[in-house]
Amino acid sequence: MEFRYLGNSGLQISEITYGNWLTHGSQVENDVATACVHAALDCGITTFDTADVYANGAAEEVLGAALKGQRRESLEIFTKVYWPVGPAPLGKNDTGLSRKHMMEAIDSSLRRLGTDYVDLYQAHRYDSFTPLEETMQAFADIVRAGKALYIGVSEWAPDQIRQAHGLARQLGISLISSQPQYSMLWRIIEPEVVPVCRELGLSQIVWSPMAQGVLSGKYQPGQPPPAGSRATDEKGGANFVKRFMTDDVLTRVQQLRPIAEELDLTTAQLAIAWVLQNDNVAAALVGASRPEQVTENVKASGVRIPAELLSRVDGVLGDAVTTDPALVAKSTPTQRLL
Ligand code: NDP
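If you're wondering where the values come from, they're calculated on a predicted model, not measured in any experiment.

In this model, A88 is joined to P89 through a cis peptide bond whose omega is 0°. Of note, P89 is situated in the loop between β5 (76–81) and α3 (99–113). A positive phi angle is found at Q212, which is not glycine, with a value near 65°. Residue Q212 is classed as buried on the basis of its relative accessible area, which comes to 8%.

Taken as a whole and assessed by the stated rule, the structure comprises 3 cavities of 30 Å³ or more. Reported here for the largest cavity is a volume of approximately 60 Å³. Residue composition of the lining of the largest cavity, by class: 7 nonpolar, 2 polar and 1 charged.

Position of G57 among the secondary structure elements: in the loop between β4 (47–49) and α2 (58–67). The spacing of G57 and G86 is 29 residues in sequence and 7.2 Å in space, taken between C-alpha atoms. Aside from chain neighbours lying at most four places away, what touches G57 is D52, V85 and R112.

D49, S208, K218, R230 and S289 are the nearest of the 34 residues found near the ligand. One nitrogen or oxygen atom from the main chain of N20 is found 2.9 Å from an oxygen atom belonging to the ligand. With the chains in place, 97% of the 920 Å² that the ligand exposes on its own is no longer accessible. If you list the elements that add at least two residues to the shell around the ligand, you get β10 (281–286) and α11 (291–297).

On to the UniProt feature "domain: NADP-dependent oxidoreductase" (unreviewed entry) in the protein, then. UniProt records the feature "domain: NADP-dependent oxidoreductase" (unreviewed entry) for residues 15–316 in the present numbering. As a span, residues 15–316 carries 39% helix and 13% strand, and end to end its C-alpha atoms are 26 Å apart.

By the element assignment, T115 lies in the loop between α3 and β6 (118–123). Not counting the four nearest positions on each side in its chain, T115 is found in contact with R72 and L110.

Bringing the packing of α3 against helix α4 (residues 132–144) into the picture now. Relative to each other, α3 and α4 sit at 30°, their axes nearing to 9 Å. The angle between α3 and α4 places the two elements in the roughly parallel class. Remark: the crossing between α3 and α4 carries right-handed chirality. From α3, R99, M102, M103 and I106 reach across to α4, where they touch E134, T135, Q137, A138, F139, D141 and I142. Class assignment for the residues of the contact of α3 with α4 results in 6 nonpolar, 2 polar and 3 charged.

We now examine the sheet that holds β10. In spatial order, the strands read β3-β4-β5-β6-β7-β8-β9-β10; together these 8 strands close into a barrel with parallel pairing. Looking at each pair of strands side by side, their axes are set apart by 30° on average, direction ignored. Bridging between strand β9 (residues 203–207) and β10 involves 4 bridges; their strand directions are parallel. Bridged to I205 within β10 is A283. Running over the sheet, α4 touches β6 and β7 (148–153) and is turned about 155° from β7.

Thresholds applied
Residues numbered from 1 in each chain as written. Predicted model: local features only at pLDDT ≥ 70, side-chain atom pairs only at ≥ 80, totals over all residues. Heavy atoms only, no water. Helix = DSSP H or I, 4+ residues; strand = E, 2+ residues; numbered from the N terminus. Buried < 20%, exposed > 50% of the residue type's maximum accessible area, 1.4 Å probe, protein only. 1 Å grid on protein atoms, 1.4 Å probe; cavity = no way out; pocket = protein on both sides within 12 Å on 5 of 7 lines; lining within 4 Å. Points joined across faces, edges and corners; volume = space filled by probe spheres on them. Nonpolar A, V, L, I, M, F, W, Y, C, P; charged D, E, K, R; others polar. Contact = heavy atoms within 4.5 Å. Near = heavy atom within 4 Å. Polar contact = N/O pair within 3.5 Å; in protein donor to acceptor, adjacent residues only side chain to side chain. Areas by Shrake-Rupley, 256 points an atom, 1.4 Å probe, with all protein chains shown as cover. UniProt positions renumbered as here; feature names shortened; annotations may be inferred. Axes fitted to C-alpha atoms, helices over the stretch in contact; angles between N-to-C directions. Parallel < 35°, antiparallel > 145°, perpendicular 65-115°, else oblique. Left-handed = near helix turned anticlockwise from the far one by under 90°. Pairing = 2+ DSSP bridges.

Okay, here's the thing in structure tokens:
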């Protein structure tokens with residue numbers, strides 16, 4: 001496993017990071033979830049990403065239990081705050097980036113994870129209904145209380161990142177990461193988010209590098225999805241992955257296989273290695289529903305893809321690739337959620 005620095009900081013993270021969205025506490029039984037986490041540790045993954053909202057807190061609990069007994073100093077544990085979470089009935093303030101919600105949310109996350117601190121605390125989305133100064137002051141107080149070491153954002157637009165970075169500097173805390181979606185098929189961060197982050201000293205930790213499993217090539221055009229795959233997960237996964245499940249995309253993905261084979265990789269490994277070719281990416285944030293997937297996926301660490309093969313990937317995927325940077329701003333919710 002290779003490691004990269006996260007932004008302009010001294011923190012090193014495993015360039016393949018394990019994430020548990022849709023799996024822990026939901027699609028995957030707890031014993032399999034634990035086996036996946038242990039496979040990740042065995043393969044040299046030290047960095048784990050979750051969020052309070054995943055399975056309404058259960059994902060943090062499952063991850064915390066699976067990591068129990070590990071040496072805390074040898075792990076990097078990341079979580080997030082923003083989306084509504086908590087046992088019903090939810091109150092008006094059980095969401096967003098207000099001081100009240102952030103102060104309560106960090107304590108709930110730490111309790112569920114069974115740890116005294118997280119290494120990275122991330123704003124899961126931008127909150128247009130809370131002054132950014134309030135949010136950044138809350139982050140600073142969380143860091144000063146020792147509950148988080150560094151802070152990050154997820155799916156924020158370049159101007160939002162720039163403003164937050166300026167405030168973080170004034171407050172003396174380190175905003176070092178951006179967590180956007182990024183894959184061969186979804187490249188909207190390249191024109192604007194990446195250059196701004198490079199300038200300000202933030203790295204990307206990219207989610208769904210395999211387009212939720214689609215870039216593994218296991219979904220065949222015109223065929224029903226394999227049993228047990230995300231596309232069959234009626235608890236939520238099927239709905240999220242369907243955006244990539246068109247015959248056009250699935251046909252093109254099949255044509256990536258010979259390119260992967262030239263590098264002695266599976267198509268899944270090629271997809272993960274592809275995001276890691278971007279040196280502003282500190283980690284590919286990879287999910288798994290089975291330990292064997294983790295073992296396969298980590299072999300993408302350290303792979304260098306020659307320029308000629310990168311061009312062939314672009315030729316195969318053609319206009320199935322989404323590149324419009326204007327889509328970045330669409331991730332900011334336009335309404336208060338509660
Ligand atoms: P991926 O693109 O890595 O998809 C992972 C899924 O693909 C697995 O759960 C599995 O699903 C399938 N898969 C994994 N490996 C293989 C393989 N070798 N062969 C075939 N299928 C495989 O990422 P995710 O969409 O899971 O996202 C990863 C992480 O990113 C999340 O856990 C979370 O931490 C983060 N994230 C952050 C978001 C944000 O807003 N900040 C949003 C979404 C995710 P199956 O076997 O069920 O088909």
